[in-house]
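# Tertiary structure, described
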Amino acid sequence: MKLHSAWIRLLLMSGYVALVSLYGAIAHAAKCEYKIANEWGSGFTATIRITNDGTVPISSWALNWNYSDGSRITSSWNATVTGANPYSASPLNWNTNIAVGSNVEFGVQGTNGGSKAQVPIIAGAVCTGAVASSITPASSSARSSSVSSARSSSISASLRSSASVSIASSLRSSSLASAAGQMCNWYGSLTPLCATTAKGWGYENGKSCVATATCSAQPAPYGVVGATSSARSSVVSSSSMTSRSSSSRSSFRGSSSTAITSSSASSIPPIVGGCDGYATRYWDCCKPHCGWSGNVPTLVAPLQSCAANNTRLSDLTLPSSCDGGNAHMCWGMAPFAVSDTLAYGFAATSSGDVCGRCYQLQFTGSSHNSPGDPGSAALAGKTMIVQATNIGYDVGGGQFDILVPGGGVGAFNACSAQWGVSNSELGAQYGGLLAACKQELGYNASLAQYKSCLTNRCNSVFGSRGLTELQRACTWYADWFQAADNPALKYKEVACPAELTARSGMSRSALNDIKTSCN
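Residues numbered from 1 in each chain as written. Predicted model: local features only at pLDDT ≥ 70, side-chain atom pairs only at ≥ 80, totals over all residues. Heavy atoms only, no water.

## A short note on the sheet that holds strand 1 (residues 30-39)
For sheets, the rule is that strands pair by backbone hydrogen bonds, running either parallel or antiparallel. The strand order across the open sheet built from four strands is 1-2-7-4, with neighbouring strands paired in antiparallel fashion. The open sheet has two edge strands, strand 1 and strand 4 (72-77), and neither has a second partner. Each adjacent strand pair in this sheet contributes to an overall mean axis angle of 25°, direction not counted. One ladder, built from nine bridges, connects strand 1 with strand 2 (residues 43-52); its direction is antiparallel. When the sheet's bridge partners are listed, K35 is paired in strand 2 with T47. (Pairing = 2+ DSSP bridges. Helix = DSSP H or I, 4+ residues; strand = E, 2+ residues; numbered from the N terminus. Axes fitted to C-alpha atoms, helices over the stretch in contact; angles between N-to-C directions.)

Set out below in C-alpha coordinates:
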(Lines give C-alpha, C1' and ligand atoms only; values in the text may rest on other atoms or scores of the structure.)
Protein backbone atom coordinates (compact mmCIF):
# COMPACT_ATOMS: atom_id res chain seq x y z
CA MET A 1 0.00 0.00 0.00
CA LYS A 2 2.87 2.39 0.73
CA LEU A 3 4.39 1.72 -2.69
CA HIS A 4 1.04 2.25 -4.36
CA SER A 5 0.62 5.58 -2.60
CA ALA A 6 4.07 6.69 -3.67
CA TRP A 7 3.25 6.00 -7.27
CA ILE A 8 0.04 8.02 -7.05
CA ARG A 9 1.92 10.98 -5.57
CA LEU A 10 4.49 10.82 -8.35
CA LEU A 11 1.79 10.62 -11.00
CA LEU A 12 0.12 13.70 -9.60
CA MET A 13 3.41 15.61 -9.44
CA SER A 14 4.93 14.80 -12.81
CA GLY A 15 2.33 13.26 -15.08
CA TYR A 16 2.03 9.65 -16.15
CA VAL A 17 3.85 9.96 -19.49
CA ALA A 18 6.80 11.80 -17.95
CA LEU A 19 7.15 9.19 -15.21
CA VAL A 20 7.11 6.29 -17.66
CA SER A 21 9.75 8.06 -19.74
CA LEU A 22 11.97 8.71 -16.71
CA TYR A 23 11.61 5.15 -15.47
CA GLY A 24 12.57 3.74 -18.89
CA ALA A 25 15.60 6.00 -19.10
CA ILE A 26 16.81 5.08 -15.63
CA ALA A 27 16.19 1.39 -16.15
CA HIS A 28 17.92 1.14 -19.51
CA ALA A 29 19.73 4.39 -20.35
CA ALA A 30 20.14 3.30 -23.96
CA LYS A 31 21.12 5.65 -26.75
CA CYS A 32 18.88 5.29 -29.80
CA GLU A 33 20.25 6.68 -33.06
CA TYR A 34 18.89 6.95 -36.59
CA LYS A 35 21.55 7.50 -39.26
CA ILE A 36 21.35 7.78 -43.03
CA ALA A 37 23.55 5.04 -44.52
CA ASN A 38 22.97 5.77 -48.20
CA GLU A 39 20.78 8.07 -50.31
CA TRP A 40 19.93 8.41 -53.99
CA GLY A 41 17.38 10.32 -56.04
CA SER A 42 14.18 8.81 -54.70
CA GLY A 43 15.20 6.56 -51.84
CA PHE A 44 17.43 5.91 -48.89
CA THR A 45 18.73 3.32 -46.47
CA ALA A 46 19.17 4.06 -42.79
CA THR A 47 20.68 2.33 -39.78
CA ILE A 48 19.00 2.41 -36.38
CA ARG A 49 21.28 1.60 -33.47
CA ILE A 50 20.47 0.95 -29.80
CA THR A 51 23.53 1.29 -27.55
CA ASN A 52 23.23 0.09 -23.98
CA ASP A 53 25.27 2.67 -22.07
CA GLY A 54 23.47 1.91 -18.82
CA THR A 55 24.47 -0.38 -15.97
CA VAL A 56 22.11 -3.34 -16.50
CA PRO A 57 21.52 -5.59 -19.52
CA ILE A 58 18.52 -4.89 -21.75
CA SER A 59 16.34 -7.98 -22.10
CA SER A 60 13.92 -6.63 -24.70
CA TRP A 61 13.33 -3.50 -26.75
CA ALA A 62 10.77 -1.83 -28.98
CA LEU A 63 11.12 1.40 -30.95
CA ASN A 64 8.84 3.64 -32.93
CA TRP A 65 9.25 6.64 -35.20
CA ASN A 66 7.33 8.79 -37.64
CA TYR A 67 8.19 10.59 -40.87
CA SER A 68 6.60 14.01 -41.25
CA ASP A 69 7.57 14.50 -44.92
CA GLY A 70 5.78 11.52 -46.47
CA SER A 71 8.78 9.15 -46.48
CA ARG A 72 7.82 5.46 -46.43
CA ILE A 73 9.61 2.23 -45.52
CA THR A 74 9.77 -0.43 -48.24
CA SER A 75 11.95 -3.08 -46.57
CA SER A 76 13.93 -3.77 -43.41
CA TRP A 77 16.49 -6.19 -42.02
CA ASN A 78 17.62 -7.47 -38.59
CA ALA A 79 14.33 -6.41 -36.98
CA THR A 80 10.58 -6.83 -37.40
CA VAL A 81 9.25 -3.50 -38.67
CA THR A 82 5.49 -2.96 -38.79
CA GLY A 83 3.10 -0.10 -39.37
CA ALA A 84 2.54 2.44 -42.12
CA ASN A 85 3.83 5.67 -40.54
CA PRO A 86 4.22 5.67 -37.63
CA TYR A 87 6.46 2.60 -37.71
CA SER A 88 7.37 0.19 -34.93
CA ALA A 89 10.36 -2.11 -34.66
CA SER A 90 10.88 -5.16 -32.44
CA PRO A 91 13.80 -7.59 -32.16
CA LEU A 92 14.30 -10.95 -33.77
CA ASN A 93 15.03 -14.00 -31.67
CA TRP A 94 18.80 -13.46 -31.78
CA ASN A 95 19.09 -9.71 -31.02
CA THR A 96 16.60 -9.27 -28.19
CA ASN A 97 19.24 -8.90 -25.47
CA ILE A 98 21.76 -6.05 -25.35
CA ALA A 99 24.63 -6.41 -22.90
CA VAL A 100 26.03 -3.38 -21.08
CA GLY A 101 28.33 -1.50 -23.44
CA SER A 102 27.05 -3.35 -26.52
CA ASN A 103 24.68 -2.34 -29.26
CA VAL A 104 22.14 -3.73 -31.69
CA GLU A 105 21.60 -2.37 -35.19
CA PHE A 106 18.93 -2.88 -37.79
CA GLY A 107 18.34 -1.27 -41.14
CA VAL A 108 15.50 0.09 -43.25
CA GLN A 109 15.10 1.10 -46.86
CA GLY A 110 12.50 3.53 -48.06
CA THR A 111 11.36 6.21 -50.46
CA ASN A 112 12.07 9.88 -49.83
CA GLY A 113 9.13 12.14 -49.17
CA GLY A 114 11.07 15.37 -49.44
CA SER A 115 14.20 16.95 -50.80
CA LYS A 116 16.46 14.79 -48.63
CA ALA A 117 16.20 11.75 -46.43
CA GLN A 118 14.56 12.76 -43.18
CA VAL A 119 16.11 11.89 -39.79
CA PRO A 120 13.17 11.22 -37.42
CA ILE A 121 13.36 11.01 -33.64
CA ILE A 122 13.49 7.42 -32.40
CA ALA A 123 11.30 6.78 -29.38
CA GLY A 124 10.98 3.81 -27.06
CA ALA A 125 11.04 2.90 -23.39
CA VAL A 126 14.71 1.92 -23.65
CA CYS A 127 15.78 5.22 -25.21
CA THR A 128 17.31 7.98 -23.13
CA GLY A 129 15.72 11.28 -23.99
CA ALA A 130 13.35 9.73 -26.51
CA VAL A 131 10.31 11.70 -25.25
CA ALA A 132 9.87 15.20 -26.63
CA SER A 133 11.54 17.95 -24.63
CA SER A 134 8.15 19.46 -23.78
CA ILE A 135 7.58 16.54 -21.38
CA THR A 136 9.97 17.18 -18.51
CA PRO A 137 9.82 15.35 -15.14
CA ALA A 138 9.65 17.95 -12.39
CA SER A 139 12.29 16.23 -10.29
CA SER A 140 14.90 16.04 -13.04
CA SER A 141 14.58 19.20 -15.11
CA ALA A 142 18.33 19.82 -15.29
CA ARG A 143 19.07 16.31 -16.56
CA SER A 144 16.24 16.41 -19.10
CA SER A 145 17.40 19.75 -20.41
CA SER A 146 20.89 18.37 -20.90
CA VAL A 147 19.61 15.27 -22.69
CA SER A 148 17.29 17.31 -24.87
CA SER A 149 20.07 19.71 -25.84
CA ALA A 150 22.48 16.91 -26.68
CA ARG A 151 19.86 15.07 -28.71
CA SER A 152 18.91 18.22 -30.57
CA SER A 153 22.55 18.82 -31.42
CA SER A 154 22.93 15.23 -32.60
CA ILE A 155 19.83 15.45 -34.80
CA SER A 156 20.99 18.76 -36.24
CA ALA A 157 24.37 17.27 -37.12
CA SER A 158 22.68 14.27 -38.72
CA LEU A 159 20.45 16.54 -40.79
CA ARG A 160 23.46 18.52 -41.96
CA SER A 161 25.26 15.31 -42.87
CA SER A 162 22.33 13.80 -44.77
CA ALA A 163 21.68 17.09 -46.54
CA SER A 164 25.23 17.32 -47.83
CA VAL A 165 25.22 13.66 -48.86
CA SER A 166 21.93 14.33 -50.62
CA ILE A 167 23.40 17.29 -52.50
CA ALA A 168 26.44 15.31 -53.56
CA SER A 169 24.20 12.50 -54.77
CA SER A 170 22.10 15.02 -56.68
CA LEU A 171 25.13 16.37 -58.46
CA ARG A 172 26.20 12.91 -59.55
CA SER A 173 22.74 11.91 -60.77
CA SER A 174 22.09 15.17 -62.61
CA SER A 175 25.40 15.39 -64.45
CA LEU A 176 23.76 14.24 -67.68
CA ALA A 177 20.49 16.11 -67.33
CA SER A 178 19.29 17.85 -70.47
CA ALA A 179 19.56 21.57 -70.92
CA ALA A 180 15.99 21.90 -69.75
CA GLY A 181 16.94 20.22 -66.49
CA GLN A 182 14.75 17.19 -67.06
CA MET A 183 15.34 13.69 -65.68
CA CYS A 184 13.67 10.31 -66.00
CA ASN A 185 11.73 8.83 -63.11
CA TRP A 186 12.44 5.21 -64.08
CA TYR A 187 10.11 3.14 -61.90
CA GLY A 188 10.93 5.27 -58.87
CA SER A 189 14.63 5.80 -59.58
CA LEU A 190 15.78 9.20 -60.85
CA THR A 191 17.91 8.59 -63.96
CA PRO A 192 19.59 11.00 -66.43
CA LEU A 193 18.06 11.48 -69.87
CA CYS A 194 20.29 10.76 -72.85
CA ALA A 195 21.36 13.68 -75.02
CA THR A 196 21.97 11.70 -78.24
CA THR A 197 20.56 8.18 -77.75
CA ALA A 198 17.14 8.12 -79.43
CA LYS A 199 15.76 4.85 -78.09
CA GLY A 200 16.39 2.50 -75.20
CA TRP A 201 19.27 2.91 -72.79
CA GLY A 202 22.58 4.54 -73.52
CA TYR A 203 25.92 5.33 -71.98
CA GLU A 204 26.99 8.96 -72.37
CA ASN A 205 29.67 11.02 -70.64
CA GLY A 206 30.61 8.12 -68.44
CA LYS A 207 27.08 7.52 -67.05
CA SER A 208 24.05 5.38 -67.82
CA CYS A 209 21.11 7.26 -69.33
CA VAL A 210 17.70 6.52 -70.81
CA ALA A 211 16.27 7.91 -74.05
CA THR A 212 13.41 10.38 -73.72
CA ALA A 213 11.10 8.23 -75.85
CA THR A 214 11.78 5.14 -73.74
CA CYS A 215 11.29 7.06 -70.49
CA SER A 216 8.03 8.60 -71.71
CA ALA A 217 6.61 5.16 -72.52
CA GLN A 218 6.42 4.20 -68.82
CA PRO A 219 3.05 4.08 -67.07
CA ALA A 220 2.02 6.88 -64.71
CA PRO A 221 3.33 8.21 -62.35
CA TYR A 222 6.72 7.46 -63.94
CA GLY A 223 8.28 9.19 -66.93
CA VAL A 224 10.06 12.44 -67.75
CA VAL A 225 10.11 14.84 -64.81
CA GLY A 226 11.43 18.33 -64.31
CA ALA A 227 14.53 19.04 -62.24
CA THR A 228 12.36 20.66 -59.58
CA SER A 229 10.56 17.36 -58.99
CA SER A 230 13.71 15.98 -57.45
CA ALA A 231 13.54 18.86 -54.99
CA ARG A 232 17.30 19.17 -54.94
CA SER A 233 19.43 22.28 -55.02
CA SER A 234 22.02 22.60 -57.77
CA VAL A 235 24.10 25.11 -55.80
CA VAL A 236 26.63 23.67 -53.39
CA SER A 237 28.96 25.74 -51.30
CA SER A 238 32.43 24.61 -50.37
CA SER A 239 31.38 24.57 -46.74
CA SER A 240 28.63 22.07 -47.56
CA MET A 241 31.09 19.69 -49.15
CA THR A 242 33.46 20.12 -46.21
CA SER A 243 30.57 19.27 -43.92
CA ARG A 244 29.95 16.08 -45.89
CA SER A 245 33.56 14.99 -45.57
CA SER A 246 33.72 15.52 -41.84
CA SER A 247 30.24 14.40 -40.91
CA SER A 248 30.35 11.18 -42.93
CA ARG A 249 33.38 10.08 -40.98
CA SER A 250 31.54 10.59 -37.69
CA SER A 251 28.16 9.27 -38.78
CA PHE A 252 29.04 5.59 -38.56
CA ARG A 253 30.67 3.82 -35.67
CA GLY A 254 31.18 0.10 -35.51
CA SER A 255 30.35 -2.14 -32.61
CA SER A 256 33.97 -2.02 -31.52
CA SER A 257 36.88 0.37 -31.71
CA THR A 258 38.34 -1.63 -34.58
CA ALA A 259 35.44 -1.00 -36.96
CA ILE A 260 36.12 1.03 -40.09
CA THR A 261 34.24 4.26 -40.75
CA SER A 262 33.59 5.35 -44.30
CA SER A 263 34.51 8.62 -45.92
CA SER A 264 36.81 8.16 -48.90
CA ALA A 265 39.48 5.80 -50.07
CA SER A 266 42.10 8.21 -48.73
CA SER A 267 41.06 7.27 -45.20
CA ILE A 268 41.94 3.60 -45.85
CA PRO A 269 45.68 2.96 -45.98
CA PRO A 270 46.86 1.27 -49.18
CA ILE A 271 47.95 -2.34 -48.95
CA VAL A 272 51.69 -2.76 -48.57
CA GLY A 273 52.71 -6.25 -49.57
CA GLY A 274 49.48 -8.14 -49.10
CA CYS A 275 48.28 -11.29 -50.81
CA ASP A 276 47.67 -11.85 -54.52
CA GLY A 277 44.15 -12.59 -55.64
CA TYR A 278 41.43 -11.83 -58.16
CA ALA A 279 37.72 -11.05 -58.28
CA THR A 280 34.95 -12.89 -60.10
CA ARG A 281 31.20 -12.24 -59.90
CA TYR A 282 27.94 -14.11 -59.29
CA TRP A 283 24.38 -13.84 -58.02
CA ASP A 284 22.47 -17.12 -57.83
CA CYS A 285 19.59 -16.03 -55.53
CA CYS A 286 20.26 -19.00 -53.20
CA LYS A 287 20.33 -18.89 -49.42
CA PRO A 288 23.99 -18.28 -48.54
CA HIS A 289 26.25 -20.62 -46.60
CA CYS A 290 26.46 -18.13 -43.72
CA GLY A 291 22.67 -18.11 -43.38
CA TRP A 292 22.79 -21.39 -41.44
CA SER A 293 23.45 -21.23 -37.68
CA GLY A 294 25.82 -24.19 -37.84
CA ASN A 295 28.13 -22.42 -40.28
CA VAL A 296 28.96 -19.36 -38.18
CA PRO A 297 30.94 -19.08 -34.91
CA THR A 298 29.00 -19.08 -31.64
CA LEU A 299 29.25 -15.33 -31.05
CA VAL A 300 28.33 -14.37 -34.62
CA ALA A 301 24.72 -13.99 -35.75
CA PRO A 302 23.86 -15.87 -38.97
CA LEU A 303 23.05 -13.95 -42.13
CA GLN A 304 19.31 -13.56 -42.65
CA SER A 305 17.69 -14.70 -45.87
CA CYS A 306 14.73 -13.20 -47.70
CA ALA A 307 11.53 -14.48 -49.26
CA ALA A 308 10.99 -14.21 -53.01
CA ASN A 309 9.57 -10.67 -52.52
CA ASN A 310 12.72 -9.62 -50.60
CA THR A 311 11.08 -9.51 -47.17
CA ARG A 312 13.34 -10.71 -44.37
CA LEU A 313 12.82 -14.20 -42.97
CA SER A 314 13.31 -14.68 -39.23
CA ASP A 315 13.34 -18.48 -39.44
CA LEU A 316 16.97 -19.46 -40.02
CA THR A 317 16.07 -23.11 -40.65
CA LEU A 318 14.12 -22.55 -43.87
CA PRO A 319 15.60 -24.40 -46.87
CA SER A 320 17.30 -22.59 -49.71
CA SER A 321 15.45 -21.57 -52.86
CA CYS A 322 18.04 -23.63 -54.73
CA ASP A 323 16.82 -26.69 -52.84
CA GLY A 324 13.11 -26.09 -53.38
CA GLY A 325 12.64 -23.76 -50.38
CA ASN A 326 11.76 -20.08 -50.09
CA ALA A 327 14.97 -18.67 -48.59
CA HIS A 328 16.76 -16.38 -51.07
CA MET A 329 19.69 -14.03 -51.05
CA CYS A 330 18.50 -10.61 -49.84
CA TRP A 331 18.87 -7.72 -52.27
CA GLY A 332 20.61 -5.70 -49.56
CA MET A 333 23.70 -7.82 -50.29
CA ALA A 334 24.26 -5.83 -53.49
CA PRO A 335 27.45 -3.75 -53.82
CA PHE A 336 27.44 0.03 -53.58
CA ALA A 337 29.85 2.92 -54.07
CA VAL A 338 31.05 4.94 -51.08
CA SER A 339 33.08 7.30 -53.28
CA ASP A 340 34.61 7.32 -56.75
CA THR A 341 37.46 5.14 -55.49
CA LEU A 342 35.88 3.11 -52.66
CA ALA A 343 33.01 0.61 -52.69
CA TYR A 344 31.54 -1.95 -50.29
CA GLY A 345 29.96 -5.31 -51.03
CA PHE A 346 29.73 -8.99 -50.18
CA ALA A 347 31.41 -12.05 -51.63
CA ALA A 348 31.86 -15.79 -51.57
CA THR A 349 35.34 -17.00 -50.68
CA SER A 350 37.10 -20.32 -50.34
CA SER A 351 35.89 -22.75 -47.67
CA GLY A 352 36.72 -22.51 -43.98
CA ASP A 353 35.81 -20.22 -41.09
CA VAL A 354 35.09 -17.20 -43.28
CA CYS A 355 31.56 -16.04 -42.35
CA GLY A 356 31.59 -12.38 -41.36
CA ARG A 357 35.24 -11.75 -42.20
CA CYS A 358 36.01 -8.63 -44.24
CA TYR A 359 38.73 -8.13 -46.82
CA GLN A 360 40.24 -5.05 -48.40
CA LEU A 361 40.69 -5.52 -52.15
CA GLN A 362 43.07 -3.21 -54.00
CA PHE A 363 42.83 -3.56 -57.77
CA THR A 364 46.12 -3.68 -59.67
CA GLY A 365 45.00 -2.71 -63.19
CA SER A 366 45.38 -6.10 -64.84
CA SER A 367 43.07 -9.06 -65.34
CA HIS A 368 43.59 -12.48 -63.81
CA ASN A 369 42.88 -14.33 -67.06
CA SER A 370 41.99 -11.73 -69.74
CA PRO A 371 45.20 -9.97 -70.82
CA GLY A 372 44.60 -6.43 -72.02
CA ASP A 373 41.11 -6.20 -70.48
CA PRO A 374 40.24 -2.47 -70.65
CA GLY A 375 37.90 -2.63 -67.64
CA SER A 376 40.57 -4.05 -65.36
CA ALA A 377 42.95 -1.30 -66.50
CA ALA A 378 40.34 1.38 -65.75
CA LEU A 379 39.75 -0.12 -62.31
CA ALA A 380 43.40 0.32 -61.27
CA GLY A 381 43.91 1.99 -57.88
CA LYS A 382 40.34 1.57 -56.67
CA THR A 383 39.59 -0.15 -53.37
CA MET A 384 36.72 -2.37 -52.32
CA ILE A 385 35.92 -3.91 -48.95
CA VAL A 386 33.82 -7.06 -49.01
CA GLN A 387 32.36 -9.22 -46.28
CA ALA A 388 32.31 -12.99 -46.74
CA THR A 389 28.74 -14.32 -46.70
CA ASN A 390 29.15 -17.50 -48.68
CA ILE A 391 31.64 -20.14 -49.79
CA GLY A 392 32.00 -21.73 -53.17
CA TYR A 393 33.42 -25.17 -53.66
CA ASP A 394 34.66 -23.95 -57.02
CA VAL A 395 36.16 -20.80 -55.44
CA GLY A 396 39.90 -21.09 -54.89
CA GLY A 397 42.30 -19.41 -52.53
CA GLY A 398 42.68 -15.71 -53.16
CA GLN A 399 39.46 -15.62 -55.19
CA PHE A 400 36.61 -13.29 -54.21
CA ASP A 401 33.34 -14.07 -56.00
CA ILE A 402 31.61 -10.71 -55.58
CA LEU A 403 27.83 -10.62 -55.33
CA VAL A 404 26.62 -8.63 -58.36
CA PRO A 405 23.07 -8.95 -59.75
CA GLY A 406 23.48 -10.17 -63.32
CA GLY A 407 26.96 -11.47 -62.57
CA GLY A 408 26.11 -15.05 -63.52
CA VAL A 409 24.23 -17.73 -61.61
CA GLY A 410 27.03 -20.31 -61.64
CA ALA A 411 26.19 -23.85 -60.58
CA PHE A 412 22.75 -22.94 -59.14
CA ASN A 413 19.93 -20.74 -60.40
CA ALA A 414 16.98 -19.59 -58.34
CA CYS A 415 16.94 -16.18 -60.04
CA SER A 416 14.84 -17.07 -63.08
CA ALA A 417 11.95 -18.09 -60.85
CA GLN A 418 12.39 -15.25 -58.34
CA TRP A 419 12.67 -12.46 -60.91
CA GLY A 420 10.46 -13.96 -63.61
CA VAL A 421 13.18 -13.94 -66.29
CA SER A 422 14.36 -16.54 -68.75
CA ASN A 423 17.73 -18.20 -68.41
CA SER A 424 18.92 -16.56 -71.62
CA GLU A 425 18.14 -13.08 -70.29
CA LEU A 426 20.58 -13.68 -67.42
CA GLY A 427 23.49 -14.03 -69.85
CA ALA A 428 26.19 -16.65 -69.56
CA GLN A 429 25.92 -19.15 -66.71
CA TYR A 430 29.41 -18.14 -65.61
CA GLY A 431 30.09 -14.43 -66.09
CA GLY A 432 26.50 -13.34 -66.60
CA LEU A 433 25.59 -10.24 -68.57
CA LEU A 434 29.16 -9.03 -69.17
CA ALA A 435 30.18 -12.42 -70.54
CA ALA A 436 27.17 -12.29 -72.88
CA CYS A 437 28.27 -8.82 -74.04
CA LYS A 438 31.74 -10.13 -74.84
CA GLN A 439 30.25 -13.01 -76.76
CA GLU A 440 28.14 -10.50 -78.70
CA LEU A 441 30.81 -7.83 -79.30
CA GLY A 442 33.93 -9.98 -79.41
CA TYR A 443 36.94 -9.63 -77.17
CA ASN A 444 38.53 -6.61 -78.86
CA ALA A 445 35.71 -4.10 -78.42
CA SER A 446 36.24 -0.80 -76.63
CA LEU A 447 35.54 -0.25 -72.94
CA ALA A 448 32.71 2.15 -73.84
CA GLN A 449 31.07 -0.56 -75.96
CA TYR A 450 31.27 -3.15 -73.18
CA LYS A 451 29.89 -0.72 -70.62
CA SER A 452 27.05 0.36 -72.89
CA CYS A 453 26.10 -3.24 -73.64
CA LEU A 454 26.24 -4.20 -69.97
CA THR A 455 24.17 -1.18 -68.93
CA ASN A 456 21.53 -1.94 -71.55
CA ARG A 457 21.25 -5.54 -70.36
CA CYS A 458 21.03 -4.44 -66.70
CA ASN A 459 18.22 -2.07 -67.53
CA SER A 460 16.44 -4.63 -69.69
CA VAL A 461 16.49 -7.35 -67.03
CA PHE A 462 15.94 -5.27 -63.90
CA GLY A 463 14.80 -1.77 -64.85
CA SER A 464 11.95 -2.93 -67.06
CA ARG A 465 10.60 -5.00 -64.16
CA GLY A 466 10.85 -2.22 -61.59
CA LEU A 467 13.66 -4.02 -59.72
CA THR A 468 15.47 -0.72 -59.18
CA GLU A 469 17.69 -1.87 -56.29
CA LEU A 470 19.07 -4.69 -58.41
CA GLN A 471 19.26 -2.42 -61.44
CA ARG A 472 21.42 0.09 -59.56
CA ALA A 473 23.77 -2.66 -58.38
CA CYS A 474 24.03 -4.13 -61.87
CA THR A 475 24.85 -0.77 -63.46
CA TRP A 476 27.31 -0.16 -60.59
CA TYR A 477 29.32 -2.94 -62.18
CA ALA A 478 29.42 -1.00 -65.43
CA ASP A 479 30.02 2.41 -63.87
CA TRP A 480 32.13 2.11 -60.71
CA PHE A 481 33.62 -1.32 -61.42
CA GLN A 482 34.34 -0.36 -65.04
CA ALA A 483 32.95 -3.67 -66.40
CA ALA A 484 36.24 -5.24 -65.32
CA ASP A 485 36.52 -8.91 -66.23
CA ASN A 486 38.09 -10.95 -63.39
CA PRO A 487 40.45 -8.17 -62.26
CA ALA A 488 43.63 -9.01 -60.35
CA LEU A 489 44.10 -7.53 -56.89
CA LYS A 490 46.03 -7.37 -53.66
CA TYR A 491 44.09 -8.21 -50.52
CA LYS A 492 44.27 -8.46 -46.76
CA GLU A 493 41.75 -9.11 -43.98
CA VAL A 494 40.52 -5.98 -42.19
CA ALA A 495 37.93 -4.95 -39.61
CA CYS A 496 34.47 -4.71 -41.11
CA PRO A 497 32.92 -1.31 -41.87
CA ALA A 498 29.81 -0.56 -39.84
CA GLU A 499 27.77 -0.23 -43.04
CA LEU A 500 28.46 -3.84 -43.98
CA THR A 501 27.77 -5.34 -40.55
CA ALA A 502 24.57 -3.31 -40.34
CA ARG A 503 23.34 -4.81 -43.59
CA SER A 504 24.39 -8.37 -42.90
CA GLY A 505 23.92 -8.52 -39.12
CA MET A 506 27.20 -10.46 -38.92
CA SER A 507 29.98 -9.05 -36.77
CA ARG A 508 33.12 -10.85 -35.62
CA SER A 509 34.35 -7.93 -33.49
CA ALA A 510 33.78 -9.90 -30.28
CA LEU A 511 36.09 -12.64 -31.60
CA ASN A 512 38.95 -10.24 -32.40
CA ASP A 513 40.41 -12.83 -34.78
CA ILE A 514 41.59 -10.95 -37.87
CA LYS A 515 44.08 -13.11 -39.75
CA THR A 516 47.24 -11.89 -41.44
CA SER A 517 47.78 -15.00 -43.56
CA CYS A 518 46.60 -15.45 -47.15
CA ASN A 519 43.52 -17.62 -47.64
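Moving on, there is more to tell.
## Thoughts on empty space enclosed by the protein
Tallying each qualifying case throughout the model produces six cavities of 30 Å³ or more. By volume, the largest cavity is sized at about 70 Å³. Lining the largest cavity, in full, are A37, N38, T45, A46, T47, W77, F336, E499, A502 and R503. Of all the secondary-structure elements, those providing two or more residues to the lining of the largest cavity are strand 1, strand 2 and helix 11 (498-504). When the residues that make up the lining of the largest cavity are grouped by side-chain class, the tally is five nonpolar, three polar and two charged. Taken together, S75, S76, W77, Q109, C306, N310, R312, C330, W331, G332 and E469 make up the lining of the second largest cavity. In terms of residue class, the lining of the second largest cavity is built from four nonpolar, five polar and two charged. (1 Å grid on protein atoms, 1.4 Å probe; cavity = no way out; pocket = protein on both sides within 12 Å on 5 of 7 lines; lining within 4 Å. Points joined across faces, edges and corners; volume = space filled by probe spheres on them. Nonpolar A, V, L, I, M, F, W, Y, C, P; charged D, E, K, R; others polar.)

## What to know about the side chain of K438
Position of K438 relative to the elements: it lies in helix 8 (residues 432-441). For K438, the residues in contact, after removing those within four places along its chain, are D373, Y443, Y450 and D485. (Contact = heavy atoms within 4.5 Å.)

## Here we look at the environment of P91
For P91, the location among the structural elements is in the loop between strand 6 (87-90) and strand 7 (103-111). Its relative accessible area of 18% is what places P91 among the buried residues. P91 sits 28 residues away from L63 along the chain, and the two C-alpha atoms are 9.5 Å apart. Not counting residues within four places of it along the chain, the set of residues in contact with P91 comprises W61, T80 and T96. (Buried < 20%, exposed > 50% of the residue type's maximum accessible area, 1.4 Å probe, protein only.)

## A short note on the pairing of strand 19 (residues 383-391)
Here is the key point about a regular strand: its side chains alternate between the two faces of the sheet. By the criterion of burial, strand 19 is predominantly enclosed, with nine of the nine residues buried. Bridging between strand 17 (residues 342-349) and strand 19 involves eight bridges; their strand directions are parallel. Across the sheet, the residue bridging to Y344 is I385, located in strand 19. The pairing of strand 18 (residues 358-367) with strand 19 spans five bridges and is antiparallel. The residue bridging Q360 from the neighbouring strand is I385, located in strand 19.

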